[in-house]
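# An overview of the molecular structure
The primary structure of each chain is shown beneath.
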Amino acid sequence: MCSSMADLLMPKLINLLSSLLQRVAESNDLNRSLDTQKLSIFNALVRPGISIQQYLERIFKYANCSPSCYVVAYVYLDRFVTKQPLLPINSFNVHRLLVASVLVSIKFMDDICYNNAYYAKVGGISTAEMNLLEVDFLFGLGFQLNVTPNTFYDYCMYLQTEMMMGFPPVCSPPQVPTIGADHCSINDDDCQSQHHQPQLAV
């Protein structure tokens, strides 16, 4: 992807990912049951004061990673919620899950990256917490970090379609049930001719 095209597409991609994650978080907030949710290092005691869009824009501004890292981070989040059904994305954990997914995708995708202390500052957390988030996220994924070209293409096509259709703005109220209901996650083992909607799609 040439730099000029990336400059045009990245703001739209950041806005789209923010919108998708906020709609998922708000939907799960409405269906939040403490009895069925797992306590995790990703959960904050209170909702962060910064919006998902502002947080992702901050990561984009300072992370200096390749554009593909954000698509791969979305793939990782999709896999995470599939493997960890007791940890649905909500307003209390989405920021930490987001920074962890971007960190892991950068380390896997890019040849050069900053250390965890740098990304901790970007995410507004301590280095020790960033280290723990990274480890917990990797275990939550089952260390399944590889993203095949077909899977990457499927997610890109889905995100591109959402952009072309004109996704709802970030402030839109949730209009869908909790993630996981009536959605299939893209799997690397799926037949190449099949195209499934990402689990995080709302």
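Before any of the text, the structure's been laid out above.
Residues numbered from 1 in each chain as written. Predicted model: local features only at pLDDT ≥ 70, side-chain atom pairs only at ≥ 80, totals over all residues. Heavy atoms only, no water.

## Description of the packing of aromatic side chains
This is how the line gets drawn: Whether two aromatic rings pair depends on their centres lying within 6.5 Å, for rings of Phe, Tyr and Trp, where Trp uses its six-membered ring; planes under 30 degrees apart make the pair stacked, over 60 edge-to-face, and the rest tilted. The secondary structure listing takes helices from DSSP runs of H or I that are at least 4 residues long and strands from runs of E that are at least 2 residues long, numbered from the N terminus. Note on classification: 1.4 Å probe, protein chains only; a residue is buried when its accessible area is under 20% of the maximum for its type, exposed when over 50%, partly exposed between these limits.
Taken as a whole, this structure holds 9 aromatic pairs when the rule is applied. When the ring of Phe 80 is compared with that of Phe 137, the centres are 5.1 Å apart and the planes differ by 10°; the resulting orientation is stacked. Highlighted residues: Phe 80 in helix 3 (residues 68-83) and Phe 137 in helix 6 (residues 127-141), separated in sequence by 57 residues. Considered together, Phe 80 and Phe 137 belong to a single accessibility category, that of buried residues. Here Phe 139 and Phe 143 contribute two aromatic rings whose centre-to-centre distance is 4.9 Å and whose plane-to-plane angle is 80°, an arrangement assigned as edge-to-face.

## Considering helix 2 (residues 52-63)
Applicable threshold: To estimate the expected span of a helix, count its residues, drop one, and scale the result by 1.5 Å. Arc definition: directions from the helix axis to the C-beta atoms.
Compared with the 16 Å implied by 1.5 Å per residue over 12 residues, the 16 Å span of helix 2 between its first and last C-alpha is a close match. When we look at burial in helix 2, the residues that qualify are Ile 52, Tyr 55, Leu 56, Ile 59 and Ala 63. Summarising the axial view, the buried residues of helix 2 lie within an arc of 95°, below the 170-degree limit, and thus occupy one face. A positive backbone phi angle near 55° is found at Asn 64, which sits one or two residues after helix 2.

## Considerations on the packing of helix 3 against helix 6
The description of two helices packed together rests on the angle between their axes and the distance between the axes. Applicable threshold: Interaxial angle, 0 to 180 degrees, is taken between N-to-C directions of lines fitted to C-alpha atoms, where a helix line uses only the stretch in contact. Oblique is the label for every angle not falling under 35 degrees (roughly parallel), over 145 degrees (roughly antiparallel), or within 65 to 115 degrees (roughly perpendicular). Crossings are assigned a handedness: left-handed for a near helix turned anticlockwise from the far helix by less than a right angle, right-handed for a clockwise turn. Whether two residues touch is decided by their heavy atoms; if any such pair falls within 4.5 Å, the residues are in contact. Following the grouping adopted for this structure description, the nonpolar residues are Ala, Val, Leu, Ile, Met, Phe, Trp, Tyr, Cys and Pro, the charged ones are Asp, Glu, Lys and Arg, and the polar ones are all others, Gly among them.
Two elements in contact, helix 3 and helix 6, have axes whose closest approach is 8 Å; the angle formed by their N-to-C orientations is 70°. Here helix 3 lies roughly perpendicular to helix 6, going by the angle between them. Between helix 3 and helix 6 the crossing geometry is left-handed. Contacts between helix 3 and helix 6 pair Tyr 76, Leu 77, Arg 79, Phe 80 and Lys 83 from the former with Asp 136, Phe 137, Gly 140 and Leu 141 from the latter. Class assignment of the residues belonging to the contact of helix 3 with helix 6 gives a composition of 5 nonpolar, 1 polar and 3 charged.

## Some remarks on unusual backbone geometry
In this structure, Asn 64 is a non-glycine residue whose phi angle is positive, near 55°. Along the chain, Asn 64 turns up in the loop between helix 2 and helix 3. For Asn 64, a relative accessible area of 52% corresponds to the exposed category. The backbone of Phe 143 sits at a positive phi, close to 60°, despite the residue not being glycine. Its place among the elements puts Phe 143 in the loop between helix 6 and helix 7 (149-165).

## Comments concerning the packing of helix 3 against helix 7
Where helix 3 meets helix 7, the axes come as close as 10 Å, and the angle between the chain directions of the two elements is 100°. Comparing their axes, helix 7 and helix 3 come out roughly perpendicular. Counting all contacts with helix 3, which are made through Ser 68, Val 71, Val 72, Tyr 74, Val 75 and Asp 78, the residues of helix 7 involved are Thr 151, Phe 152, Tyr 155, Cys 156, Tyr 158 and Leu 159. Each residue belonging to the contact of helix 3 with helix 7 can be placed in one class, and the counts come to 9 nonpolar, 2 polar and 1 charged.

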